Amino acid sequence: MYWNYLKIALRNLRKNKLFAVINIIGLAIGLTIYVFVSLLIEYEKNHDLFFENNENIYTIMSVFNSGMDLPFDQMNSASSAYAPIIDAELADVESVARTRSAKLTVNINGNSQFERITFADPVLLNIFSFEYLYGDRKALENPDALVVTEAAAIRLFGTADAVGQVVLLNNQESFQVTAIIKDIPLNSHFNTTSGKTQIFAPIGSLQLFTDFDFNGRWRDIWNGNITYIQLPSNLDSDWLDIQLESIYQRHVSDYNKGLVSSIHAQPLWRANYSNWETVGGVSIDLVFSVLSLLIITIACINYTNLAAAQSLGRSREVGIRKTMGASRTELLCQFLVESILVSAVAMIIAITILELIIPLFNNATNKVMQFKYLETMPWLLGTTLAAGLVTGIYPSWLITKVTPIDALRDVARKGKYSTAIREFMIGLQFSISTFLIAAVVVVYAQNEKAKEDNHLFPRQEVYVLNNINSNEDKDNVDLLQLKLDLLQNELNAIPNVKKVAFSNLVPYSNSYPTQVISTVAGDTTNTVKINQLGITPSFFDVYDIPLLAGRHLNGNISNDKYHYNVSKTLNIILNDQALDKLGIETPEQAINTRLYSTKKRTVLREYVVVGVASMPSFIGVTGEKTAWFFYVDPTSSLGSIRFMDGSDAAIVDDIKSVWKKIFPAEPMEGEFLSGIFNENFKFFVFLNAILAGFSLIALIIAMVGLFGLSAFIAAQRTKEVGMRKVLGASSIQISKLLIWQFSKPVLWAVVSALMFAFFASNKYLQYFSDRIEYSILLLLLAGIFSVVLGWITVGAHAYKLARENPIIALRHE
Amino acid sequence: MLKLHNLSKVYRTEEVETVALNGVDIEIQRGDFVAMMGPSGCGKSTLLNIIGMLDNPTGGDYFFFDENIANYSESKLSELRKKNIGFIFQSFNLIDELNVQENIELALLYHKIPSGERKRRVAEVMDRMGIAHRAKHMPGQLSGGQQQRVAVARAVVGDQPLILADEPTGNLDSAHGQEVMELLQSLNAEGTTIVMVTHSPSHADYAKRTINLLDGHLVTDNIRAA
């Protein structure tokens, strides 16, 4: 009997080729997106599984105190102070290891370059089962050991057989390569979008370069600063959570509890995933899931709608089968078998498409996503079956509910059967795609505006130098100042350079230090948070920041310059937002105001406001308005070089030769400010691209569906159209008639979609401080666009039908 | 075999009430060959559909083998229909996507008969109807007469005791019409009960009994002397 079902299903598909193609393609696209997104999320959630014992490895996650006002709630990172405590107190833990990464110059035979080096407790090599080409798990036990991946060894030394090679780190300490490991697979948290882990060194030697304390610090929480714990297989994360909570309560000071409100054990597989959760502010996998669900919904509705319309054409068959004694269940089965068949064909096409696009995607994104048939087969089969059932149930129910006599008479086809439901489905489909289009338009417009607004800073005319004075003693302020002056003079001598300034932040950066400040000395209750920005006086000229009142800072006035652990009184310039925060009404009133740092454990510092400048936004790319104070800081490590517009091509070489003169031992690192902007803006561009891609697909499916359905309805109304023509209706009148039939659902769909889009776009706009004001206009445009597109789609059929000779229309039946 | 008592059927729309059958009493015995005649709209097709359990009466009783089925649900009727009734329609009602053999087999498909047995019975009935050489043809490739033979084959392959034919010759020329009538007559001779609606007096002559309907009433009920 099922053979008979399949046979008739296939013959029906063949008979209605257009509908079959539309049905299958629509569903295939929907399934492709759905399966792809599911695979991608699955991939991101299944990192690091190739490490032996990965199920027993955990990392510590820190949850930040919400009062800290940080851009993220939690981070896969923990204070380095925990590891020694865990080691001492938790005898059941097999191993605990920390990593801290640092960017240092690596000098090999006189050539130096910056490399990211992961300093780790030697036991890290016991926790992770790296594959050793040379050397073994003991490789990090010497304090001057380096473990290098194969790719890095070839890049640095020209050979994978690099054991014994000596390098100079930070131009001061010799390290020797003791082991070469195979490259860590890309689907590991060691390789993130921010960089690959390729060089390991013992964490103790970090003391040679920084003030790292081997017993750990409490506030060194940052991405990449991870603490790993390996448990024996009889203990689980619940146990570890309880132990960590107890350690947190007993060892963490109240001050540090103010930063981190709790710590948790996190299984290793989540280490990568929590990267996703930290970046961007929006959970990308959620965006992905929602979008892919919308697409599959459209595709299913599309199929359901077409199948319902089409199955009505088969009511005679149902009538015959019923008179032959078929029960409703048997008929339901038959039609469900058909829709499952279609869904299976669509799935096969989807898998074929995925086979083509996954390699491309991997190439473009540096991922190693794989389609593992054996593992995913049950899920794929389930999805196919579910899609078949979900899409088939309504059409089957509709077609089999008719009594045999009505079915034979084809009443269903002629009557106004279930137009409400059908219209609802068209409408739903349409509203989803309109919603997506509207979202794309708003996101795009806002992104453009954000780009435009950020012209506040002349980003096309600034080159940023990194790592200035990186090898100098940070306490020797005079030497630092000397070097900065030297660099500034030399750079100013380059013909196309206009101005040079140094600072410890440049525009668009995402991290920033904050001071808690009070207007009353010693008051720790009435405080405001103001971001601090260390600069040299010419910073205002380089970035065209106008002074509103008071004077500029001057490096020659002693209280204008900051001396670490020496300065008690520091002259500063506030920005306009800081005035608002402090409740000072005019820039003039701010001059000579005294402010006090509330930071514990440092000398009480007094700030004197000597000027007010206008700088509405500085951090990030969303134009966030924040309060700032500027002070002169000779330890600034970033240089901003303003050059003549259009001279950017040659300028880098000139800067490079200056750098070589002043810092001969260190490689120069730098980039154009526009590059920094684009890097930070990437997420928003990415979001827009994703949205655009999804909405295009949604629109295509919806239009194809509308096209198919209107073809069908037009065919159904052929006779009516013939009659109308005989009675004297013009082609245009008839086209209008058919277009109107579709306009009702389309119109309400557009209205409701625009309402949702309005709320959604407001949500997005909240990321930005300067928002587009015409978002409603854009939404309306998107709505009009989809209505017109819908009309054109339907109109094509209507026009064709309307132009037909009436007698052909009448003879139809 | 079946007995209709005071059977009526009324079609109601919002404003109009149409009486299709009004107090019809008929009893049909096993082995009967009944022709139902009457002008268009007299209710004969409605009556046939009710007898065929494709439609429910709005009033009266319908005893099928002494069982009053007038208010049976569709699923119960479907079971009874499947066991007892074969259908022949004026417009043949073959499924265009199935070939001759498959169309005939359809009548056995819902009877839980093993595939081999089905094939055997289909082959046998095709031989009997003289359409074996057309087994793999699609309905669209056959003439009207051939299509109706397929329809007759489909009606008889299930060996149901009762065959209902709704103007079986309506779409056929006279030669083919006669052929189909002869087929029906021989089936009746083998013991199958047949109820047929027809417009043609000459075709009605093949039947043993003629019922005339007018405006939903039974007018005459003549049993022809053998």
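Conventions used here
Residues numbered from 1 in each chain as written. Chains lettered and ligands numbered in written order. Predicted model: local features only at pLDDT ≥ 70, side-chain atom pairs only at ≥ 80, totals over all residues. Heavy atoms only, no water. Pairing = 2+ DSSP bridges. Helix = DSSP H or I, 4+ residues; strand = E, 2+ residues; numbered from the N terminus. Axes fitted to C-alpha atoms, helices over the stretch in contact; angles between N-to-C directions. Contact = heavy atoms within 4.5 Å. Buried area = accessible area lost by both parts, 1.4 Å probe. Salt bridge = Lys/Arg side-chain N within 4 Å of Asp/Glu carboxyl O. Polar contact = N/O pair within 3.5 Å; in protein donor to acceptor, adjacent residues only side chain to side chain. Nonpolar A, V, L, I, M, F, W, Y, C, P; charged D, E, K, R; others polar. Buried < 20%, exposed > 50% of the residue type's maximum accessible area, 1.4 Å probe, protein only. Arc of directions from axis to C-beta. Phe/Tyr/Trp six-rings, centres within 6.5 Å; stacked < 30°, edge-to-face > 60°. 1 Å grid on protein atoms, 1.4 Å probe; cavity = no way out; pocket = protein on both sides within 12 Å on 5 of 7 lines; lining within 4 Å. Points joined across faces, edges and corners; volume = space filled by probe spheres on them. Parallel < 35°, antiparallel > 145°, perpendicular 65-115°, else oblique. Left-handed = near helix turned anticlockwise from the far one by under 90°.

1. Comments concerning the sheet that holds strand 6 (residues 85–88) of chain B
All names here are of chain B.
Okay, so step 1: Across the sheet, six strands lie side by side as 6-7-8-3-9-10; this open sheet has mixed pairing. One side of each edge strand has no neighbouring strand; the edge strands of this open sheet are strand 6 and strand 10 (217–223). Between one strand and the next, the sheet's axes are offset by a mean angle of 15°, whatever the strand orientation.
Okay, so step 2: Across four bridges, the pairing between strand 3 (residues 33–37) and strand 9 (residues 209–214) is parallel. For V34, the partnering residue across the bridge sits in strand 9 and is R209.
Okay, so step 3: Docked against the sheet, helix 5 (residues 144–157) engages strand 6 and strand 7 (162–166), running at close to 175° with respect to strand 6.
Okay, so step 4: The sheet strands contacting helix 6 (residues 174–189) are strand 3, strand 6, strand 7 and strand 8 (193–197), and the helix crosses strand 8 at an angle near 150°.

2. Digging into the interface of chain B and chain A
Okay, so step 1: Counting from both sides, the interface comprises 26 residues of chain B and, opposite them, 25 residues of chain A.
Okay, so step 2: Both faces considered, chain B and chain A share a buried interface measuring about 2300 Å² in area, 55% of it formed by carbon and sulfur atoms.
Okay, so step 3: The largest per-residue losses of area from chain B upon contact with chain A belong to L54, E97 and Y110 of chain B, which jointly make up 30% of the total buried on that side.
Okay, so step 4: Linking chain B with chain A are two salt bridges.
Okay, so step 5: In this structure, R11 of chain A engages E102 of chain B in a salt bridge whose closest nitrogen and oxygen atoms are separated by 2.6 Å.
Okay, so step 6: Linking chain B with chain A are six residue pairs in polar contact (both at pLDDT 80 or more).
Okay, so step 7: Mapped onto the side of chain B that touches chain A, the elements with two or more residues apiece are helix 2 (74–84) and helix 3 (100–109) of chain B.
Okay, so step 8: Of the residues that constitute the side of chain B that touches chain A, the class distribution is 12 nonpolar, six polar and eight charged.

3. Focus on helix 5 (residues 150–157) of chain A
All names here are of chain A.
Okay, so step 1: Taken together, the buried positions of helix 5 are occupied by A152, A153, L156 and F157. Taken down its axis, helix 5 places every buried residue within 100° of arc, on the same side.
Okay, so step 2: Where helix 5 is buried, its residues meet strand 3 (95–108), strand 4 (111–120), strand 6 (145–149), strand 7 (166–169), strand 8 (173–181) and strand 11 (199–202).
Okay, so step 3: Just beyond helix 5, the residue with positive phi is G158, at close to 80°.

4. Things to note about the packing of aromatic side chains
Residues and elements named next belong to chain A.
Okay, so step 1: All told, the structure shown has 37 aromatic pairs over all chains when counted by the stated rule.
Okay, so step 2: Relative to Y543, the ring of F457 lies with its centre 5.8 Å away and its plane at 90°, an arrangement referred to as edge-to-face. Taken together, the positions of F457 in the loop between helix 15 (419–453) and strand 14 (462–466) and Y543 in the loop between helix 17 (539–542) and strand 18 (547–550) put the pair 86 residues apart, joining distant regions of the chain. Across this residue pair, the class does not change: F457 and Y543 are buried.
Okay, so step 3: Measuring from centroid to centroid gives 5.9 Å for F629 and Y631, while their planes differ by 45°, and the two rings are tilted.
Okay, so step 4: The class for F629 is buried, based on a relative accessible area of 1%.

5. Observations regarding the pairing of strand 16 (residues 514–518) of chain A
All names here are of chain A.
Okay, so step 1: Bridge count for strand 16 against strand 17 (residues 527–535) is five bridges, and the pairing is antiparallel. Bridge pairing in strand 17 places T514 opposite N531.
Okay, so step 2: Pairing geometry for strand 16 and strand 20 (residues 594–597), over two bridges, is antiparallel. Bridged to S518 within strand 20 is Y596.

6. Details of empty space enclosed by the protein
Residue and element names in this part refer to chain A.
Okay, so step 1: All told, the structure shown has eight cavities of 30 Å³ or more when counted by the stated rule.
Okay, so step 2: The calculated volume of the largest cavity comes to roughly 240 Å³.
Okay, so step 3: Residue lining of the largest cavity: 20 residues in total, with Y303, A307, Q310, R314 and E338 positioned closest to the centre.
Okay, so step 4: Elements represented by at least two residues in the lining of the largest cavity include exactly helix 1 (2–15), helix 2 (17–45), helix 9 (284–312), helix 11 (328–365) and helix 12 (373–400).
Okay, so step 5: Ranked by residue count, the leading element in the lining of the largest cavity is helix 11, at five residues.

7. With respect to the packing of helix 2 of chain A against helix 11 of chain A
Residue and element names in this part refer to chain A.
Okay, so step 1: With their axes 8 Å apart at the nearest point, helix 2 and helix 11 run at an angle of 50° to one another. It follows that helix 2 is oblique to helix 11 by the angle criterion. Classified by chirality, the crossing of helix 11 by helix 2 is right-handed. In contact with I24, L27, A28, L31, T32, V35, F36, L39 and L40 of helix 2, helix 11 contributes V342, S343, V345, A346, M347, I349, A350, I353, L354, I357, I358 and F361.

8. What about the packing of helix 10 (residues 315–323) of chain A against helix 11 of chain A?
Residues and elements named next belong to chain A.
Okay, so step 1: Between helix 10 and helix 11, the shortest axis-to-axis distance is 10 Å and the interhelical angle comes to 140°. Overall, the two elements helix 10 and helix 11 adopt an arrangement that is oblique. Note that helix 10 runs across helix 11; the crossing there is right-handed. For the pair helix 10 and helix 11, contact is made by E317, V318, R321 and K322 and by L331, Q334 and F335, respectively.
Okay, so step 2: Among the residues forming the contact of helix 10 with helix 11, the class breakdown is three nonpolar, one polar and three charged.

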